[in-house]
Amino acid sequence: MSAQLTDTVRVETAASAAPERRLNPFVRAALLVVALLVVLALPWYIYPPVAMDILAWGLFAISVDLLLGFTGLLSFGHAAFWGMSAYTTGYIATQVGVPFPVAILGGTLAAMLIAIPTGYLAVRRTGIYFAMVTLAFAQMLYFIANQASDITGGENGLQGIPKTFFGIELVETDSFYFYYAALPIILLGAFIAWRTVSSPFGRVLLAIRDNPARARALGYDVERYKIMVFVISAGIAGLAGGVFSVSHGFASLQELVWTTSGKVVLMTVLGGIGTLWGGPLGAAVVVLLEDQLASSGFNGIGIITGAIFIIIVLLFRKGIWGTAADFIERIRSGMASRGRGDA
Amino acid sequence: MRHTRMISLAAMVASSGLVLTACGSAGGGPASGGDSKLSDDKVVLGLLNDQSGVYKDLSGPNSKVAIEMAIADYKAKYGDDAVAKNIEIVMADHQNKPDIANTKAQEMYDRDKADIILDVPTSSAALAVATQAKAKKKLHINVGAATTALTGKSCNKYTFHWAYDTYMLANGTGTVLVGEGGKNWSIVYPDYAFGQDMTKSFTAAVEKGGGTVQQSIATPFPNDNFATFITKAESSKPDVIGIMAAGGDLVNFVKQYNQAGLQGKTTLAVGLMFITDIHTLGVEQFAGTTFTDAWYWNMDAESKAWADKFKEKTNTRPSFAHAGNYSAALQYLEAIQEAGTDGSDDVVAKLEGKKVNDVFLRNGEIRAGDHRVLHDAYLVKVKDKANVKEEWDYEEIIKTIPAAEAFNPTVSADCKM
């Protein structure tokens, strides 16, 4: 038993080893305001459906970061929750015709519901085994969705999901206004993630990540905490998946395939693990790259994204956000020491 | 401390400035078209297909060449009388992903001012684009996708299905082979919607002709090892083995089928195959295989002449998807010429019910009820290597299936325009 406990492999040491950065409250508030302004201005600068994609994938990446960065669990099957919610949202929206936030809520609940048994099974393992169990589960869901073509449309996908929104036609037809209608849902998801991380519950998660044996010795039920964060993470992924499917007007098998799980892990690592800010940044980079390269006439998209990923992993182990934060930290401490020298 | 406060203040000011300028710049509405009867004074053709993945060869970047040929032919035909003088092509790679296809289609219609989107292989991507076409009231002529849902449940006023579909593939091969004595069938299919649809259509066609499907065997998708499925399919001593896999799976299946020593013993019928598949694997591997083709470059002098021009530009022979894109672009431009405008509703009105004959469409008719384009299809047999006279000379047409029989004769009840 004890051997098994100490055997827990840390998934990513780069971020876990990073010291807790505690920026002063004013800087943090300013960052938040800047981020909000950027998010509000985004559809003016970027084509609105692409901006919506960035936000949905960004929230999806946050949900992965919650597990990977703050609990030390690498889920390689998060597409299951994203896809489950995408299909459920689509199904509710087409069949019942409720406003899309309600449909997304339904999708999110469905994602959380299936996360309970998955989490229950998966959290008993860590590291690569945890990743494998989640992957296996996601694959299972993929094949079920493929077979149940009466409900899901098979590989044709569930098409024609309406953007019903209290009869406000601008939102229902114009992707620019839809962006602002869906934005609160994304912000809600980000807020939940932030609350989770910066609560006593979040401190326990960090303890579990860094030393599960000690957390257990202190009397915390490690498995239960892991299941809880797993379900919360699935819920956030579900919110993102629901927004994505409504935004595109369909849910397809692409949402459940394992490369989707891989893509969101890539975004998270690219942005920086254990930062929450990193996920959306990574998502922005990947989505914008895909969008630009698709129209560029260059026919080797995989080569570019792959090369960027390799460079990030080799040179910037902490991802974009982690590296940037380190850089600022170094300048600040440099200035601080110089300031002391002058005095 | 004071310093960081200054920095964050500056950042806030800068980003609010950003927001304000954005608000200002977004004010300008779309410019009016002036005297021209064309929206934005030009016709923009969007080409959305797979430029980097498995469908790159059968359509991909060379479809742009085909569309350019259509534009050149249109301009040559009408000269100064051409309604569309300024014609542009925009192209994007959907990577066979429906979400990217969806976003790119919106972008093409909105930002690039595309009047039409052409090609779009991969069923889920095609359906996503059809949905956008309906929402934006702009045209989509699909060439590359096989699903009958485009003219069924997902049919709409602005979407046309130009080249082929699962019904045509199954009906042609199934009916004709049964008529020639291939009464007993085993069907091997990949277990997803395309494979299931094809199996259903094939079974219906075989039974209509008086044959029987003894067994239909589902395989995982994708799959590498077909040995057990081949043994099982052969166990009932069928006259014909039908394989519904496409692309890489088809190539694997055929290799293993030949290795099992079955080539030439039992007739092999392929559900969907492109000439590029034969070229990739080598004609000797496919020799004797029967399938339905929408068009073949060497079927007559007219096609050959077009294929020669295509070869000059691309150094390769066209697949039916290339010819289909040429035809779709050409007929779209002809419809603009007739209507005198590129307004979607006017162009659709000109296209609906139109009878067409061009390089690709023979005895073609654009059915008004569901926008299925009916045209002659061809049952072909892959030649033995000894009979291949030049590169790409792979197919022998054994029967021309008339347009009226090639496609589903009735409009699907699911289709509500």
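Quantities reported herein were computed from a predicted structural model and do not represent experimental measurements.

Calculation notes
Residues numbered from 1 in each chain as written. Chains lettered and ligands numbered in written order. Predicted model: local features only at pLDDT ≥ 70, side-chain atom pairs only at ≥ 80, totals over all residues. Helix = DSSP H or I, 4+ residues; strand = E, 2+ residues; numbered from the N terminus. Rg over C-alpha atoms; globule rule 2.2 N^0.38 Å. Buried ≥ 20, exposed ≤ 12 C-beta atoms within 10 Å, placed from the backbone. Pairing = 2+ DSSP bridges. Axes fitted to C-alpha atoms, helices over the stretch in contact; angles between N-to-C directions. Right-handed = clockwise from strand over helix to strand, strands pointing away. Domains from an automatic or database assignment. Contact = placed C-beta atoms within 7 Å. Nonpolar A, V, L, I, M, F, W, Y, C, P; charged D, E, K, R; others polar.

**A short note on the overall build of chain B**
Moving on, step 1. A count of helical and extended segments in chain B gives 14 helices and 15 strands.
Moving on, step 2. Its C-alpha atoms give chain B a radius of gyration of 24 Å, near enough to 22 Å, the size a compact globule of 417 residues would have.
Moving on, step 3. Oriented by its inertia axes, the alpha-carbon framework of chain B measures out at about 80 × 65 × 45 Å.
Moving on, step 4. Within chain B, the fraction of its 417 residues that count as buried is 52%.

**Concerning the sheet that holds strand 13 (residues 373-374) of chain B**
Residues and elements named next belong to chain B.
Moving on, step 1. What the three strands build is an open sheet, ordered 11-12-13; its pairing is antiparallel. Strands with a single pairing partner mark the edges of an open sheet, and in this sheet they are strand 11 (355-356) and strand 13.
Moving on, step 2. In terms of strand pairing, strand 12 (residues 364-366) meets strand 13 through two bridges, oriented antiparallel. When the sheet's bridge partners are listed, Glu365 is paired in strand 13 with Leu374.

**Notes on the sheet that holds strand 3 (residues 116-119) of chain B**
Residues and elements named next belong to chain B.
Moving on, step 1. Strand order across the open sheet formed by five strands is 2-1-3-4-5, with parallel pairing between neighbours. Of all strands in the sheet, those bounded by a partner on one side alone are strand 2 (87-93) and strand 5 (159-161). This sheet shows a mean twist of 20 degrees between the axes of neighbouring strands, independent of strand direction.
Moving on, step 2. Pairing geometry for strand 3 and strand 4 (residues 139-142), over four bridges, is parallel. Bridging across to strand 4, Asp119 finds its partner in Asn142.

**A word on the pairing of strand 3 of chain B**
All names here are of chain B.
Moving on, step 1. Across four bridges, the pairing between strand 1 (residues 43-49) and strand 3 is parallel. When the bridges of strand 3 are listed, Leu48 appears paired with Asp119.
Moving on, step 2. The handedness of the strand 3 to strand 4 crossover, carried by helix 4 (residues 123-136), is right-handed.

**A closer look at the domain arrangement of chain B**
All names here are of chain B.
Moving on, step 1. When its domains are assigned, chain B resolves into domain 1 (39-164 + 299-375) and domain 2 (167-293 + 379-406).
Moving on, step 2. Using only C-alpha atoms to locate each centre, domain 1 and domain 2 end up separated by 28 Å.
Moving on, step 3. Taken together, the contact pairs 16 residues of domain 1 with 16 residues of domain 2.
Moving on, step 4. When the residues that make up the side of domain 1 that touches domain 2 are grouped by side-chain class, the tally is seven nonpolar, six polar and three charged.

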